[in-house]
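# Coordinate inspection notes
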Amino acid sequence: VLARRPRQLLAAAALASGVLTGGAAPALAAPAADAALLTVTTPAMDAGGTAWVSVTWGADNKTLTDFTVTATAPAGVTVGYPAGRRASSLYGSSTLVKRTEDFTALQVSVAYGRTGSVVLPLHATWSIEKGAGKEKSTGSLDGSVTIPLKTYTGPALQLTTTSVQVPKATPTWVDLRVTGAAPSLTDVRVTVGGPAGLVVGYPADGAFSGLDADALLLAGESDRSGVRLDASALPPGTYPLTVTVAYTGAIAGTFTGGVSLRVS
Amino acid sequence: VSRNLRAARLLGLVLLLVLALAGCASSSSATSSPAAATDRTATLAEVQALHLCAVQQTNFASEGDIKDALVTRLEARGLSYETWRDWHDSLAGSDARAEQLTAALAAPCPE
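In this text the structure is predicted, and so the values were computed from the model without any measurement.

On to the overall build of chain A. Regarding its fold elements, chain A presents 1 helix and 18 strands. Every one of the 264 residues in chain A was classed for burial, and the buried ones make up 42%. When the accessible surface of chain A is totalled, it reaches about 11900 Å², and 55% of it is carbon and sulfur.

Below is the structure:
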């Protein structure tokens, strides 16, 4: 992580070549240091997870327009760009003003099982307007950032529903809400156990209930699962329910939590 | 006596009106003076520099979280995201504002 930001980095970092498109450059001229990739290492992310990481760029003494960044995703890594585009630019604009800095956001997903770090190659291009004549030169930079990986440890998810209530007279669908904690869980299946006499039903008369949005639960994502409770054989009162959430995929396992059932 | 009283009241009202107008004029000049505008763009530059620090130090779960972090930082200074956008769009055409940002970027990031 770049703590900040010595301007000298612009001279020292591996830099960009400026390529004149509108005129002849001296044959052996040194490449112009128009821009620099200032981020060397991003904050760490979980293997198996998805995160928006940022890379910072600095401009030297020229304002760079049409700033465009693409990344080459290595195996086991996918890269997405803001708003589903095919490339990224800078935050809030595509202009990197002279002697300032700005950043590019990239959505990076890393497969489970990867360890160590990901080296993400980046390619940046830009234009430089040369006066009022609108003649432009272009430049580009190839660099890379390192994304350290960590392995998630901790509970796979949280059961955020603590209690449900159903009338004794009428079988009722209730929502059980879960929030993902592990980077991603797939094929999530919810089942409920309760006191003798309680009849639990699932969608389509199945043996479990899935999640409402889809079968995937990402870290921080909240979703709900519906179960049908028939408490007609139970006296009014409060009963403990056991909620079991099974998941498969790269991380496979079972989460067990408790919910209070009130029969009225 | 009554006429004098009415005249005194009228004079008092006129004085109050003059004072109120003077106060408004003073307040208006305090918020729109060149110095105040410079202070505001310097604050925006500082917020932008701190936002750059934040994105270097943190990954975000969603694209919207990046904007939310900026908005939170702006609102803590009494600024809106729209104000920030206008300022950001103006940077390329204002050497003075760009220099303010350059100066703000020279400060170390908070730990």
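Turning our eyes to something else, we now look at the state of the cysteines. All names here are of chain B. Applying the stated criterion to the full structure yields 1 disulfide over all chains. Here Cys-53 is linked by a disulfide to Cys-109, with a sulfur-sulfur distance of 2.0 Å. Residues Cys-53 and Cys-109 are joined through a disulfide that is left-handed, its torsion about the S-S bond being -90°. Taken together, the positions of Cys-53 in helix H2 (residues 34-57) and Cys-109 in the segment after helix H5 (95-105) put the pair 56 residues apart, joining distant regions of the chain. By the burial criterion, Cys-53 is buried, and Cys-109 matches it.

This paragraph deals with the interface of chain A and chain B. Chain A puts 27 residues into the contact, and the matching count from chain B is 35 residues. At the surface where chain A touches chain B, the tally comes to 2 salt bridges. Between A:Arg99 and B:Glu99 there is a salt bridge, with the nearest N and O atoms lying 3.1 Å from each other. Of all the secondary-structure elements, those providing two or more residues to the side of chain A that touches chain B are strand E4 (50-59) and strand E7 (101-110) of chain A. The element that contributes the greatest number of residues to the side of chain A that touches chain B is E4(A), accounting for 5 residues. The residue inventory of the side of chain A that touches chain B, partitioned by class, reads 15 nonpolar, 6 polar and 6 charged.

For the rest of this paragraph, the subject is the sheet that holds strand E12 (residues 172-180) of chain A. Residues and elements named next belong to chain A. Taking strand neighbours across the sheet as the criterion, the 4 strands line up as E10-E12-E16-E14 in an open arrangement whose pairing is antiparallel. Edge positions in the open sheet fall to strand E10 (157-159) and strand E14 (199-201), since each of these has one partner strand only. Ignoring which end each strand starts from, the neighbouring axes of this sheet average 35° apart. As paired strands, E14 and strand E16 (residues 222-230) are joined by 3 bridges and run antiparallel to one another. Counted as the bridge partner of Gly-201 is Arg-228 from E16.

This brings us to the pattern of salt bridges. Within this structure, the stated rule accounts for 9 salt bridges over all chains. For B:Asp95, the salt bridge is made with A:Lys98, and the minimal N-O distance between the two is 3.5 Å. Placement of the pair is B:Asp95 in helix H5 and A:Lys98 in the loop between strand E6 (77-80) and E7, with the two residues belonging to separate chains. With its nearest N and O atoms 3.3 Å apart, the salt bridge here joins A:Arg189 to A:Asp187. Several salt bridges converge on common partners, so that one network encompasses A:Asp175, A:Asp212 and A:Arg224.

What follows is about the confidence of the model for chain A. On average, residues of chain A score 88 in pLDDT, and 86% of them are at 70 or above. Ignoring residues within four places in sequence, the model shows residues 6-31 of chain A, a span with pLDDT below 50, making 51 contacts including any to other chains.

Backbone-to-backbone hydrogen bonds join strands into a sheet, with any given pair of strands oriented parallel or antiparallel. All names here are of chain A. A sheet is described by the order of its strands in space; here 4 strands give the open sequence E2-E4-E7-E6, paired in antiparallel fashion. Because the sheet does not close on itself, it has two edges, and the strands there are strand E2 (35-37) and E6. The sheet shows a mean angle of 35° between the axes of neighbouring strands, taken without regard to direction. Across 9 bridges, E4 lies against E7 in antiparallel orientation. By the bridge assignment for E7, Ala-51 is matched with Val-108.

Bridging between strand E13 (residues 184-193) of chain A and strand E17 (residues 237-248) of chain A involves 6 bridges; their strand directions are antiparallel. Residue pairing for E17(A): A:Val192 is matched across the bridge by A:Val243.

Turning next to the side chain of B:Gln100. Within the element layout of this structure, B:Gln100 appears in helix H5. Classification of B:Gln100 by relative accessible area gives buried; the value is 19%.

Next up on the list: helix H4 (residues 81-90) of chain B. Every buried residue belonging to H4(B) is among B:Tyr81, B:Trp84, B:Trp87 and B:His88, and all of these are buried. Along the axis of H4(B), the buried positions cluster into a sector of 120°, meaning they face one direction only. Exposed side chains of H4(B) directed beyond 90 degrees from the buried face belong to B:Glu82 and B:Asp86. Packed against the buried residues of H4(B) are E7 of chain A together with H2, helix H3 (63-76) and H5 of chain B.

Further remarks concern the side chain of B:Thr41. Residues and elements named next belong to chain B. Tracing the backbone through its elements, the reader meets Thr-41 in helix H2. Accessibility expressed as a relative area gives 6% for Thr-41, which makes it buried. If sequence neighbours within four positions are ignored, Thr-41 has contacts with Trp-87, Arg-97 and Gln-100.

Within a regular strand, the side chains alternate between the two sheet faces. Of the pairings in the sheet, the one linking E12(A) to E16(A) comprises 8 bridges and is antiparallel in character. Its bridge partner being in E16(A), A:Leu176 is matched across the sheet by A:Ser225.

What counts as what
Residues numbered from 1 in each chain as written. Chains lettered and ligands numbered in written order. Predicted model: local features only at pLDDT ≥ 70, side-chain atom pairs only at ≥ 80, totals over all residues. Heavy atoms only, no water. Helix = DSSP H or I, 4+ residues; strand = E, 2+ residues; numbered from the N terminus. Buried < 20%, exposed > 50% of the residue type's maximum accessible area, 1.4 Å probe, protein only. Areas by Shrake-Rupley, 256 points an atom, 1.4 Å probe, with all protein chains shown as cover. Disulfide = S-S within 2.5 Å. Contact = heavy atoms within 4.5 Å. Salt bridge = Lys/Arg side-chain N within 4 Å of Asp/Glu carboxyl O. Nonpolar A, V, L, I, M, F, W, Y, C, P; charged D, E, K, R; others polar. Pairing = 2+ DSSP bridges. Axes fitted to C-alpha atoms, helices over the stretch in contact; angles between N-to-C directions. pLDDT = per-residue confidence, 0-100. Arc of directions from axis to C-beta.

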